[in-house]
Amino acid sequence: MNKYRDKLVWDLEICKNISLLKEAGEIILYGAAAKGRQVLGWLNDAGIAVDCFCDMDGRLWGAYVEGVKVVSPFQLQKIISRESGRVYIIACIQYPKELCVLLEHMELRDICLLTYWGIKTALCINVEAVYGKDSRQTACLRIENSLRKNRFVDVGLIFMQKLVEASDQTIWVVQPGKTASSSLELRLREKGILFIKEHYLRYPSHILGGGYRELWEKSIIKKRKSMKVIAAVREPLSRDYSTFWQAFTEGLERSMLMPILHRDFQKMYGSFVDLILNGSIHTQEKLGISMPYTWNDEFEWFDEQIKEYLAIDVFQYPFDREKGYTLIEKNGVQLFLFKVEKLESILDKIALFAGTTELSAANANVAEQKWYGLAYSQFRREVKLPKKYVDHYYDRNAKVDHFYTQEEKAEFLKRWRENVDGNIG
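So, how was this worked out
- Residues numbered from 1 in each chain as written.
- Predicted model: local features only at pLDDT ≥ 70, side-chain atom pairs only at ≥ 80, totals over all residues.
- Heavy atoms only, no water.
- Helix = DSSP H or I, 4+ residues; strand = E, 2+ residues; numbered from the N terminus.
- Rg over C-alpha atoms; globule rule 2.2 N^0.38 Å.
- Buried < 20%, exposed > 50% of the residue type's maximum accessible area, 1.4 Å probe, protein only.
- Salt bridge = Lys/Arg side-chain N within 4 Å of Asp/Glu carboxyl O.
- Pairing = 2+ DSSP bridges.
- Axes fitted to C-alpha atoms, helices over the stretch in contact; angles between N-to-C directions.
- Contact = heavy atoms within 4.5 Å.
- Parallel < 35°, antiparallel > 145°, perpendicular 65-115°, else oblique.
- Left-handed = near helix turned anticlockwise from the far one by under 90°.
- Nonpolar A, V, L, I, M, F, W, Y, C, P; charged D, E, K, R; others polar.
- 1 Å grid on protein atoms, 1.4 Å probe; cavity = no way out; pocket = protein on both sides within 12 Å on 5 of 7 lines; lining within 4 Å.
- Points joined across faces, edges and corners; volume = space filled by probe spheres on them.
- Phe/Tyr/Trp six-rings, centres within 6.5 Å; stacked < 30°, edge-to-face > 60°.
- Disulfide = S-S within 2.5 Å.

Student: Please provide a residue-by-residue account of the overall build of the protein, values included.
Tutor: From N to C terminus, the protein includes 20 helices and 13 strands. Here the C-alpha radius of gyration of the protein, 24 Å, is about what a compact globule of 425 residues would show, namely 22 Å. C-alpha extents for the protein along the principal axes are approximately 75 × 50 × 45 Å. Across the 425 residues that make up the protein, the buried fraction comes to 53%.

Structure follows, in C-alpha cells:
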C-alpha cells in the first residue's frame with residue numbers, strides 16, 4: 001500500500017479516542033448490507049449520527065435503509081467537498097482495500113477511513129465510556145466474554161477426545177501458533193490425509209483442572225509409540241506480531257485480551273511483549289483460563305511441548321539451516337521439523353512424509369488480506385519493539401541460532417530495524 005493510502009486509515013486512532021466520531025463533520029457507511037446495518041445500530045445506540053450510506057448497488061441509490069439515505073459513490077466528491085469538518089467513511093465490506101483504491105482514484109484525500117474491524121474494536125474497547133457501565137451493550141459484552149471462556153474448556157475436551165480416538169495413520173500437526181499450520185492443514189485436507197492440528201501437547205491444567213490429566217498423559221504415551229508429527233519454526237519477531245493479532249481478532253479475542261486490554265495498541269503490545277519475555281507460566285498466571293496457547297516464546301515451546309511429551313529435545317539434533325528442514329526419529333516418533341520461510345521449497349518433502357503426492361501451493365492465512373488487514377499493516381509499520389525484546393531473540397540466543405544462519409538473522413533484523421526502540425547492530 002502506498003503512503004497516500006496509509007494516511008487514510010484511522011482504525012488505531014479511533015481506538016485511542018473514539019470521541020473523535022462525535023466531533024465528525026460527516027459519517028458515511030460504505031456498504032448498506034448486513035454489516036453496514038449492524039454498524040448503524042451500534043452508532044445509533046452510542047448517540048453518534050450517521051449521515052448516509054454509500055453503496056455500489058445502483059438499485060439502492062436514493063432509497064433509505066433503516067431511515068438513512070443511500071447515495072452513489074459518484075456523490076462522494078460532492079459530500080466530502082462540503083465545509084463540514086472531518087469526514088469519516090466506515091468500510092462495512094469484506095475487502096476494505098477496494099475502497100482505498102476507489103478513494104485514491106477519485107482523489108479524495110481529506111477523509112478518514114475506518115474498517116468494520118476498526119469500528120467494532122473501538123466500540124468494544126471503549127464500551128463503558130461510550131454506552132455506560134449498565135448499558136445493554138456492556139452487559140452483552142460481559143456475557144460474551146464469559147461464554148468465550150467456557151469455550152476454552154470445550155476446546156480442551158474436544159482435543160482430548162481426538163487424542164484418545166486418533167488412529168496410527170493420523171498425522172499430528174503440532175506447532176507454535178502462527179507457523180503456517182492453517183496453510184498446512186488446508187493442503188493436507190485437500191489430499192484427504194487424516195490429521196490433528198493443535199498448538200499444544202502439554203496437559204492444560206489451568207483449564208481442565210487435574211481430573212483428566214491421567215487419561216491425557218496415558219493417551220500421549222500410547223500414541224507416541226507410533227506417531228508422525230509435523231512442527232515448524234518462524235522468524236520470531238514476525239511470528240510474535242502475527243500471534244498478537246490472531247488472538248486479538250479471531251474468535252476468543254476479548255476474553256484473551258481483557259487483562260492487557262488498552263485503547264493504545266502500542267501499550268497493549270508492550271504488555272504482550274512482557275508476557276513473551278516472562279514465560280508461559282507467568283502468562284498462565286496473568287491470563288488464567290483465557291490464556292492463548294500461542295502467547296509464548298516459540299523456541300521455549302519445543303521444550304514445553306515436544307521435549308516434555310514426546311521425549312525429543314530438538315536442539316540436540318542437527319538441523320540443516322540451508323535446506324530448512326530435518327527429520328528426527330526416536331522411540332517410534334517421527335518428527336518432521338521445518339522453517340516456515342522454506343515451506344514452498346520443501347512441499348515435496350512434507351508430502352513424502354505425509355504419504356501423499358504433491359501438495360498445493362495455496363496460502364490459507366495471509367493477514368494483510370483479512371478484514372483487519374489495514375490496521376494490521378498500519379500497526380506493523382508503526383509498532384515500537386523494546387530493544388531487550390529484540391535482543392532476547394537475536395543476541396546470542398542458541399535456540400534461534402540452531403535454526404537460522406547469521407545471514408538470515410541479519411536480513412530479518414533489517415526488516416524490523418526501523419521498529420526497534422533503541423539502536424541495534
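Having seen the model, we can carry on.
Student: Residue-level account of the pattern of salt bridges, with values.
Tutor: Taken as a whole and assessed by the stated rule, the structure comprises 17 salt bridges. A salt bridge links Arg59 to Asp57, with the nearest nitrogen and oxygen atoms 3.0 Å apart. We classify Asp57 as partly exposed; its relative accessible area is 23%. Between Lys307 and Asp313 there is a salt bridge, with its nearest N and O atoms 3.8 Å apart. Here Lys307 falls in the partly exposed class, since its relative accessible area comes to 39%. Since its relative accessible area comes to 18%, Asp313 is described here as buried. Taken together, the shared-partner salt bridges connect Glu185, Arg189 and Lys197 into one network.

Student: Describe the sheet that holds strand 11 (residues 333-339), listing the residues and the values that go with them.
Tutor: Reading across the sheet, the five strands line up as 8-7-9-11-10 and stay open at both edges, with mixed pairing between neighbours. Every other strand in the sheet has two partners, leaving strand 8 (195-198) and strand 10 (325-330) as the edge strands with one partner each. On average, each strand axis in the sheet is tilted by 20° relative to the strand beside it, whichever way the strands run. Inspection of the sheet shows strand 9 (residues 227-233) paired to strand 11 by seven bridges, in the parallel sense. For Lys228, the partnering residue across the bridge sits in strand 11 and is Gln334. Running at roughly 165° to strand 8, helix 9 (residues 181-190) makes contact with strand 7 (171-174), strand 8 and strand 9 of the sheet.

Student: Explain the packing of helix 12 (residues 236-249) against helix 17 (residues 373-382) residue by residue, including any values.
Tutor: Contact geometry for helix 12 and helix 17: axes closest at 12 Å, N-to-C directions at 140°. One way to sum up the angle between helix 12 and helix 17 is to call them oblique. As helix 12 runs across helix 17, the sense of the crossing is right-handed. Contacts between helix 12 and helix 17 involve Tyr241, Ser242, Phe244 and Trp245 from the former and Ala375, Tyr376, Phe379 and Arg380 from the latter. Here the residues of the contact of helix 12 with helix 17 sort into six nonpolar, one polar and one charged.

Student: Account for the sheet that holds strand 1 (residues 26-30), with residues named and values stated.
Tutor: Pairing in this open sheet of six strands is mixed, and the strands run 3-4-2-1-5-6 from one edge to the other. Each having just a single partner strand, strand 3 (64-65) and strand 6 (111-115) make up the two edges of the open sheet. In this sheet, strand 4 (residues 68-71) lies alongside strand 3 in antiparallel orientation, the contact comprising two bridges. Looking at the pairing, Val65 lines up with Val68 of strand 4.

Student: Quick rundown of empty space enclosed by the protein? Include the residues and the values.
Tutor: Scanning all chains against the criterion turns up one cavity of 30 Å³ or more. Of the volumes computed, that of the largest cavity is approximately 30 Å³. If you go around the largest cavity, the residues you meet are Ala166, Ser167, Asp168, Thr170, Trp172, Lys223, Ser226, Met227 and Lys228. Grouping the amino acids of the lining of the largest cavity by side-chain chemistry returns three nonpolar, three polar and three charged.

Student: Just give me the short version of the packing of aromatic side chains, but keep the residues and values in it.
Tutor: Per the stated rule, a full pass over the model turns up 39 aromatic pairs. Where Trp245 meets Phe379, the ring centres are 6.3 Å apart and the plane angle is 55°; that geometry is what we call tilted. Here Trp245 is found in helix 12, whereas its partner Phe379 is found in helix 17, with 134 residues between them in sequence. Using a relative accessible area of 0% as the deciding quantity, one classes Trp245 as buried.

Student: Break down the packing of helix 12 against helix 14 (residues 265-287) for me, with residues and values.
Tutor: A pair of packed helices is captured by two measures, namely the crossing angle of their axes and the spacing between those axes. Interhelical geometry of helix 12 versus helix 14 gives an angle of 115° and a closest axis separation of 11 Å. With respect to their mutual orientation, helix 12 and helix 14 come out roughly perpendicular. In terms of crossing hand, the pair formed by helix 12 and helix 14 is right-handed. Residue-level contacts link Asp240, Tyr241, Thr243, Phe244, Trp245 and Phe248 of helix 12 to Phe265, Met268, Tyr269, Phe272 and Ile276 of helix 14. Of the residues assigned to the contact of helix 12 with helix 14, the class counts are nine nonpolar, one polar and one charged.

Student: Outline the side chain of Asp240, supporting the account with residue identities and numerical values.
Tutor: Position of Asp240 among the secondary structure elements: in helix 12. Those residues in contact with Asp240 that sit more than four places away from it in its chain are Tyr269, Phe272, Ile276, Asn296, Tyr389 and Tyr393.

Student: Can you tell me about the state of the cysteines, naming the residues and giving the values?
Tutor: Considering all chains together, one arrives at zero disulfides under this definition. Of the cysteine sulfurs around Cys54, a residue in no disulfide, the closest is that of Cys52, at 6.8 Å. With no disulfide of its own, Cys124 lies 9.5 Å from the sulfur of Cys15, the closest cysteine sulfur. Since its relative accessible area comes to 17%, Cys124 is described here as buried.

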